[in-house]
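Spelled out from the first residue to the last, the chains are:
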Number of protein chains: 2
Amino acid sequence: MKATKHNPGSGRRDRMLLSLALFTVCLLWAFARTAIGQPLASWSDGPAKKAIVQFVTAVTTEDLPTFVIPSERIAVFDNDGTLWSEQPLYFQFMFVLDRIKAMAPQHPEWNDREPFKSILAGDIEAALAGGEQAIAAMMVATHSGMTTDEFQAQVVAWLATARHPRFNRPYTDLVYRPMLELLNYLRENGFKTFIVSGGGSEFMRPWTQKVYGIPPEQVIGSQGKLGFEMRDGQPALVKLPQIDLIDDKAGKPVAIQKHIGRRPLAAFGNSDGDLEMLQWTTSGPGLRFALLVHHTDSEREWAYDRQSPIGALDKAWDEAKAKGWILVDMRRDWKKVYAFE
Amino acid sequence: MKATKHNPGSGRRDRMLLSLALFTVCLLWAFARTAIGQPLASWSDGPAKKAIVQFVTAVTTEDLPTFVIPSERIAVFDNDGTLWSEQPLYFQFMFVLDRIKAMAPQHPEWNDREPFKSILAGDIEAALAGGEQAIAAMMVATHSGMTTDEFQAQVVAWLATARHPRFNRPYTDLVYRPMLELLNYLRENGFKTFIVSGGGSEFMRPWTQKVYGIPPEQVIGSQGKLGFEMRDGQPALVKLPQIDLIDDKAGKPVAIQKHIGRRPLAAFGNSDGDLEMLQWTTSGPGLRFALLVHHTDSEREWAYDRQSPIGALDKAWDEAKAKGWILVDMRRDWKKVYAFE
């Protein structure tokens, strides 16, 4: 469009163009405000969201006494029940059951041996009746003997085909959208985000970068012993049938120190297994942050706490109330639970 | 300076200004070339430097088949003898001796007990005659019983006052300038740099950020067991007198997998203790890089290899020659060893 200087309609046209330009600017401003000013879009405007934003503002605003340099902004997240669901059974346990079924043709002896016999007959309850010994046998069968490369390939293959029994979706679809937004929000504010989970680190590392944006070296989990040996003339790391570290309860602060080497600034969990991690995190000097996800939504997710055999929230709930840690009421505080809703 | 259009001298002045401008541009270009094009300034223009630059170019040039995405650019460095000196004794061992002397007034029983008696009498050789048992007793006395916070404070206080016996300088002055340049060069090219050392991780982490630009969570070392307990009503992590992991020889690839969870792209060491780390690193697919520092400079540093009681380079040297790993001849390849020279 060419505007000539002495065209009599040019004044109106200029005003129109100006209005259009102003409108565009306003639109861009509103868009930017939504994108930048509303970083936790799936969180309701309640006390939990407010506490998160207040904490992040306090430690990232340079002229406040609560300011913390970026390198000290370490945030640790439990995984099962905090970043993704853990019902009806821990997803790693579903992997164990599927692996036992897949491996069964090579193990005819399992047809007469518990807990394998019951698992192959589809009776999980009977298999679990064997208690810790039964679970140890399942773990040894599915989590040792192979190289770390082979195990990671098994995890990737399983995630690509396995479906959650309730939602008929890949297990990685059952990550909480509000927590993904929280991870992003913290990283945008200079935090380094870590997973500190009772789950196996070798089980989580193949997919945490893609799903959570957390690289393998920032994933801390339970670990078995590893053996370095030559296989077919090549060095290999072989998963051995001994436990090295159970990254749960008091094991969490221990694992944090061994791996990260400094106290986190913020810790996020959902159960009594996270209590010591939250105690350790909040015992450091200066402003600290602790948050527990309370599973209160039987419709969109699950509702369970004190009495649950998985992810019991009992002692940690009492301590959260006593110490003013943030409790997320999933039903009230999360507009959305999963991205696919 | 004002130039008027019809001044008869302005032609010559313009040519002079143009020459000055061109000269300035050339100067800036030369300066930029030195700063950007010569990132390993303390390295002689020999085969080692050439191999490093070739490798980094190969994995960072997008249209080459050897290109590697930044997140996979993991580089691991041994510490003692690779990033700083390790003579006449590992520096952490000098810390142990100094701590025993400092703690002696609280331990009158040490006057009659080996290896403490000999250490307090200044006879290190006699103390070490007790072999592994004597060393274990020294480690337990100086590396357990305190909280992790207390231990880190002891390390920081020691580094501030202790002086290396040969150079009469802080131990952290004995880091190799060419290796600092190499760390920077790799990081500028998208690498994440890790330390993987037989030294204690709690001993290294208080100073590696400042000295090497490597944060605590990227320092992997030998570790003792930790206990989580309440001290004066506050949670504390206490160093226990049991070894958890010796991060040496086959322990190095194991520690790398436990901590980083993926095979490094490049590994740097100086002794047989690094052999398995280099084997593991170079066994991965695609282009890999392995380098050993050979201590050949008795004047500026030390000269030792196959027969040395500290940092022996024997089997790893043979394997380096057989496999084409890069051998740094310190005397030939490093223009400077320490920054203070």
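None of these values were measured; they are calculated from a predicted model.

### Some details on the overall build of chain A
Looking only at helices and strands, chain A has 14 helices and 8 strands in total. The buried share of chain A, reckoned over its 341 residues, is 51%. Considering only contacts in chain A between residues 6 or more positions apart, those separated by 24 or more positions represent 65%. Carbon together with sulfur atoms contributes 56% to the accessible area of chain A, which is approximately 16,200 Å² in total.

### A closer look at the nonpolar core
Counting residues in hydrophobic clusters, the biggest one holds 54 residues, and the most contacted among them are Met179, Leu182 and Phe268 of chain A. For this core, the element with the most residues is helix H2 (residues 47–60) of chain A, which contributes 6 residues. Ignoring any residue separated from it by four or fewer positions in sequence, one finds Phe268 of chain A in contact with Ala75, Val76, Phe77, Asp78, Thr82, Met179, Leu182, Leu186, Met277, Leu278, Phe289 and Leu291 of chain A. Membership of the second largest hydrophobic core comes to 53 residues, among which are Ala51, Trp158, Leu291 and Ile326 of chain B.

### Re the pattern of salt bridges
Within this structure, the stated rule accounts for 34 salt bridges over all chains. The salt bridge involving Arg177 of chain B is made with Glu181 of chain B; its shortest N-O contact spans 3.3 Å. Taken together, the residues Arg177 of chain B and Glu181 of chain B, both in helix H8 (residues 177–188) and 4 residues apart, mark about one turn of the helix. Owing to a relative accessible area of 33%, Arg177 of chain B belongs among the partly exposed residues under this scheme. Between Asp297 of chain B and Arg300 of chain B there is a salt bridge, with the nearest N and O atoms lying 2.6 Å from each other. Counted as one network, the salt bridges with shared partners bring together Glu72, Lys192 and Arg262 of chain A together with Glu217 of chain B.

### A few points about the packing of helix H3 (residues 91–103) of chain A against helix H7 (residues 148–161) of chain A
Residue and element names in this part refer to chain A. As a packed pair, H3 and H7 sit with axes 11 Å apart at the nearest point and diverge in direction by 100 degrees. Looking at the two axes, H3 sits roughly perpendicular to H7. Where H3 abuts H7, its residues Phe91, Met94, Phe95, Asp98 and Arg99 lie against Phe151, Gln154, Val155 and Trp158. Across the contact of H3 with H7, the residue classes break down as 6 nonpolar, 1 polar and 2 charged.

### What about the pairing of strand S3 (residues 219–231) of chain B?
All names here are of chain B. In this structure, strand S2 (residues 192–200) lies alongside S3, joined through 3 bridges in parallel fashion. Residue pairing in the sheet places Ile195 in a bridge with Val219 of S3. By the bridge criterion, 8 bridges tie S3 to strand S4 (residues 234–245) in an arrangement that is antiparallel. If you follow Glu229 over to S4, its bridge partner there is Ala236. As consecutive antiparallel partners, S3 and S4 are separated by 2 residues, and within that stretch Asp232 has a phi angle of approximately 55 degrees, a positive value.

### A look at unusual backbone geometry
All names here are of chain A. The linkage connecting Gln87 with the following residue, Pro88, adopts the cis geometry, with an omega of 0 degrees. Within the secondary structure layout, Pro88 lies in the loop between strand S1 (74–77) and H3. With omega at 5 degrees, the peptide bond leading from Glu114 into Pro115 counts as cis. Within the fold, Pro115 resides in the loop between H3 and helix H4 (116–120). At Asp232, a residue that is not glycine, the phi angle is positive and equals roughly 55 degrees.

### Here we look at the interface of chain B and chain A
Opposite the 37 residues of chain B that make contact, chain A presents 37 residues. Contact with chain A buries area across many residues of chain B, yet Glu217, Phe228 and Lys258 of chain B alone supply 22% of it, more than any other trio. The interface formed by chain B and chain A includes 8 salt bridges. Across the chain B-chain A interface, the total number found is 24 residue pairs in polar contact (both at pLDDT 80 or more). Of all elements in the fold, only helix H7 (148–161), S2, S3, S4, helix H11 (251–259) and helix H12 (275–282) of chain B reach the threshold of two or more residues within the side of chain B that touches chain A. Top element by residues in the side of chain B that touches chain A is S3 of chain B. It accounts for 6 residues. For the side of chain B that touches chain A, the residue count by class is 15 nonpolar, 11 polar and 11 charged.

### Side note on H11 of chain B
Residues and elements named next belong to chain B. With 9 of 9 residues buried, H11 is to be regarded as a mostly interior element. Taken residue by residue, H11 has Gly251, Lys252, Pro253, Val254, Ala255, Ile256, Gln257, Lys258 and His259 as its buried positions. Of the residues flanking the end of H11, it is Gly261, one or two places downstream, whose phi is positive at about 80 degrees.

### Focus: the relation of the copies chain B and chain A
Each copy of the sequence occupies a distinct position, and chain B is placed on chain A by a rotation of 180 degrees and an axial shift of 0.0 Å, giving an RMSD of 0.0 Å. In symmetry terms, the pair is related by a two-fold rotation axis. Of every C-alpha in chain B, the one belonging to His259 of chain B sits nearest the axis of rotation, 3.4 Å from it.

### Thoughts on the environment of Ser283 of chain A
Along the chain, Ser283 of chain A turns up in the loop between helix H12 (275–282) and strand S6 (289–296). A residue is classified by how much of its surface remains accessible, and Ser283 of chain A, at 18% relative accessible area, is buried. Expressed as a C-alpha distance, the spacing of Ser283 of chain A and Ile310 of chain A, which sit 27 residues apart in the sequence, is 27 Å. Excluding residues that lie within four positions of it along the chain, Ser283 of chain A makes contacts with Arg263 of chain A together with Gln234 and Pro235 of chain B. For Ser283 of chain A, the side chain forms a polar contact with the side chain of Arg263 of chain A, separated by 3.3 Å. In this structure the side chain of Ser283 of chain A is engaged in a polar contact, spanning 2.8 Å, whose partner is the backbone oxygen of Trp280 of chain A.

### Things to note about the packing of aromatic side chains
Scanning the model with the defined rule gives 42 aromatic pairs over all chains in all. Seen in terms of ring centroids, Trp110 of chain A and Phe116 of chain A are 4.3 Å apart; in terms of plane orientation they differ by 5 degrees. Their pairing is stacked. Residue Trp110 of chain A shares its accessibility class with Phe116 of chain A, and that shared class is buried. Arranged with centres 5.2 Å apart and planes meeting at 50 degrees, the rings of Tyr176 of chain A and Trp334 of chain A form a pair that is tilted. Residue Tyr176 of chain A is located in the loop between H7 and helix H8 (177–188), and its partner Trp334 of chain A is located in the segment after helix H14 (330–333); the two are separated by 158 residues in the primary sequence. Comparing Tyr176 of chain A with Trp334 of chain A, the two get one shared label, buried. Members of the aromatic cluster, joined through ring pairs, are Trp84, Phe91, Phe95, Phe151, Trp158, Tyr171, Phe203, Trp207 and Tyr212 of chain A. Its guanidinium or amino end placed over the ring of Phe340 of chain B, Arg169 of chain B lies 4.2 Å from that ring's centre, counting from NZ or CZ.

### Details of H7 of chain A
Residues and elements named next belong to chain A. For H7, built from 14 residues, the straight-helix expectation of 20 Å at 1.5 Å per residue is met to within 8% by its first-to-last C-alpha distance of 21 Å. Among the residues making up H7, those that are buried are Thr148, Phe151, Gln152, Gln154, Val155, Trp158 and Leu159. Angularly, the buried residues of H7 cover 155 degrees about the axis, an arc narrow enough to put them on a single face. Relative to its buried face, H7 has exposed residues pointing more than 90 degrees away, namely Ala160 and Thr161.

Here is what the cut-offs are and how they apply
- Residues numbered from 1 in each chain as written.
- Chains lettered and ligands numbered in written order.
- Predicted model: local features only at pLDDT ≥ 70, side-chain atom pairs only at ≥ 80, totals over all residues.
- Heavy atoms only, no water.
- Helix = DSSP H or I, 4+ residues; strand = E, 2+ residues; numbered from the N terminus.
- Buried < 20%, exposed > 50% of the residue type's maximum accessible area, 1.4 Å probe, protein only.
- Contact = heavy atoms within 4.5 Å.
- Areas by Shrake-Rupley, 256 points an atom, 1.4 Å probe, with all protein chains shown as cover.
- Core = buried A, V, L, I, M, F, W, Y, C linked by side-chain atoms within 4.5 Å.
- Salt bridge = Lys/Arg side-chain N within 4 Å of Asp/Glu carboxyl O.
- Axes fitted to C-alpha atoms, helices over the stretch in contact; angles between N-to-C directions.
- Parallel < 35°, antiparallel > 145°, perpendicular 65-115°, else oblique.
- Nonpolar A, V, L, I, M, F, W, Y, C, P; charged D, E, K, R; others polar.
- Pairing = 2+ DSSP bridges.
- Buried area = accessible area lost by both parts, 1.4 Å probe.
- Polar contact = N/O pair within 3.5 Å; in protein donor to acceptor, adjacent residues only side chain to side chain.
- Least-squares fit on C-alpha atoms with pLDDT ≥ 70 in both.
- Phe/Tyr/Trp six-rings, centres within 6.5 Å; stacked < 30°, edge-to-face > 60°.
- Lys NZ or Arg CZ within 6 Å of the ring centre and 35° of its normal.
- Expected span 1.5 Å × (residues − 1).
- Arc of directions from axis to C-beta.

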